[in-house]
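# Remarks on the overall topology
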Amino acid sequence: MMAQQLNSPPLKRQRSDRDGQEEPDSSEGFRFSQEPTLDQIRAMQNQFSRERNWDQFHTPRNLLLAMTGEVGEVAELFQWRGEVEEGLPDWSEKDKKHLSQELSDVLIYLVRLAEKCHVDLPAAAVDKIKLNKLKYPAHQVYGSSKKYTEYNTPEKNSS
Ligand SMILES: Nc1ccn([C@H]2C[C@H](O)[C@@H](COP(=O)(O)OP(=O)(O)OP(=O)(O)O)O2)c(=O)n1
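Conventions we followed
Residues numbered from 1 in each chain as written. Predicted model: local features only at pLDDT ≥ 70, side-chain atom pairs only at ≥ 80, totals over all residues. Helix = DSSP H or I, 4+ residues; strand = E, 2+ residues; numbered from the N terminus. Buried ≥ 20, exposed ≤ 12 C-beta atoms within 10 Å, placed from the backbone. Near = placed C-beta within 6 Å. Nonpolar A, V, L, I, M, F, W, Y, C, P; charged D, E, K, R; others polar. Axes fitted to C-alpha atoms, helices over the stretch in contact; angles between N-to-C directions. Parallel < 35°, antiparallel > 145°, perpendicular 65-115°, else oblique. Left-handed = near helix turned anticlockwise from the far one by under 90°. Contact = placed C-beta atoms within 7 Å. Expected span 1.5 Å × (residues − 1).

### Considering the overall build of the protein chain
Scanning the protein chain from N- to C-terminus turns up 5 helices and 2 strands. Secondary structure elements of the protein chain occur, N-terminal to C-terminal, as β-β-α-α-α-α-α. Per-residue burial for the protein chain yields a buried fraction of 4% across its 159 residues.

Here it is in structure tokens:
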């Protein structure tokens, strides 16, 4: 299942909380495949682990460490290159493929960690984005990357 990059249909316009108007997705025509869902990835990795009798190794702490190691591998791909443009136009296909594999390792371990911690990850992410919107009201923070603690918002002291 490949992410759709080229020849994608026009992106759906999405609701913006900034002004109540619909705005286009700003990701330059790129979006993910509809499937697999996070729960399907969870099930695939669950089966992969069961088939190898690896559940015994996939404890929360081990998974966290494994995920952190994979994050390091992603960082290694970016190190010493300077800033890179969206879409990585100057990267070789080999390096882009490598990046897609390392990011996948991070995702696979993240999903597995969430499963083992009984965190419903897609639902939790939706809730977190809602909270982020409260912490960072668009009209107040537009164009600024200050931390929410520097603003006087209702969610200032929540996390
Ligand atoms: N005990 C393990 C070992 C591996 N994997 C799976 C999850 C990751 O997607 C991938 C990680 O495999 P490696 O540890 O071999 O790491 P890399 O694929 O990054 O290889 P390398 O470290 O050589 O770059 O395999 C797993 O679920 N449980």
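Past the structure itself, the notes keep going.
### Some remarks on the environment of Leu121
In this structure, Leu121 sits in helix α4 (residues 121–135). Assessed through the 17 C-beta atoms surrounding it within 10 Å, Leu121 is described here as partly exposed. C-alpha separation for the pair Leu121 and Leu110, spaced 11 residues apart in sequence, amounts to 9.1 Å.

### Some remarks on the site of the ligand
Taken together, the residues surrounding the ligand are Ser49, Trp54, Phe57, Glu73, Asp105 and Ile108. Of the residues that constitute the shell around the ligand, the class distribution is 3 nonpolar, 1 polar and 2 charged.

### Some details on the packing of helix α2 (residues 60–78) against helix α3 (residues 93–116)
Orientation of α2 relative to α3, taken along the N-to-C sense of each, is 160°, at an axis distance of 9 Å. Relative to α3, the element α2 is oriented roughly antiparallel. With respect to the hand of their crossing, α2 and α3 are arranged in left-handed fashion. For the pair α2 and α3, the contacting residues are Pro60, Leu63, Leu64, Ala66, Met67, Glu70, Val71, Glu73, Val74 and Leu77 in the first and Asp95, His98, Leu99, Glu102, Leu103, Asp105, Val106, Tyr109, Leu110, Arg112, Leu113 and Lys116 in the second. When its residues are assigned to classes, the contact of α2 with α3 shows 14 nonpolar, 1 polar and 7 charged.

### Some remarks on the environment of Trp91
If you trace the backbone, Trp91 turns up in the loop between α2 and α3. Judged by local crowding, Trp91 falls into the partly exposed class, with 17 C-beta atoms found within 10 Å. Sequence-wise, Trp91 and Arg81 are 10 residues apart; in three dimensions their C-alpha atoms are separated by 10.0 Å.

### Quick look at unusual backbone geometry
For the bond running from Glu35 to Pro36, omega is 5°, close enough to zero to count as cis. Among the structural elements, Pro36 can be located in the loop between β2 (22–24) and α1 (38–51). Its identity as a non-glycine residue notwithstanding, Trp80 has a phi of 70°, on the positive side. Inspection of the secondary structure puts Trp80 in the loop between α2 and α3. A tally of 5 C-beta atoms within 10 Å means that Trp80 is categorised as exposed.

### Some details on α3
A turn of α-helix holds 3.6 residues, and therefore any two residues three or four places apart point the same way. End to end, α3 covers 34 Å across 24 residues, agreeing with the expected 34 Å (1.5 Å per residue, within 8%). Those residues of α3 not exposed but buried are Tyr109, Val111, Arg112, Leu113 and Glu115. On its buried face, α3 is in contact with α1, α2 and α4. Remark: His118 follows α3 within two positions and exhibits a positive phi of approximately 55°.

### As for the environment of Gln140
The topology assignment puts Gln140 in helix α5 (residues 138–141). Sequence separation between Gln140 and Asn152 is 12 residues; the distance between their C-alpha atoms is 9.5 Å.

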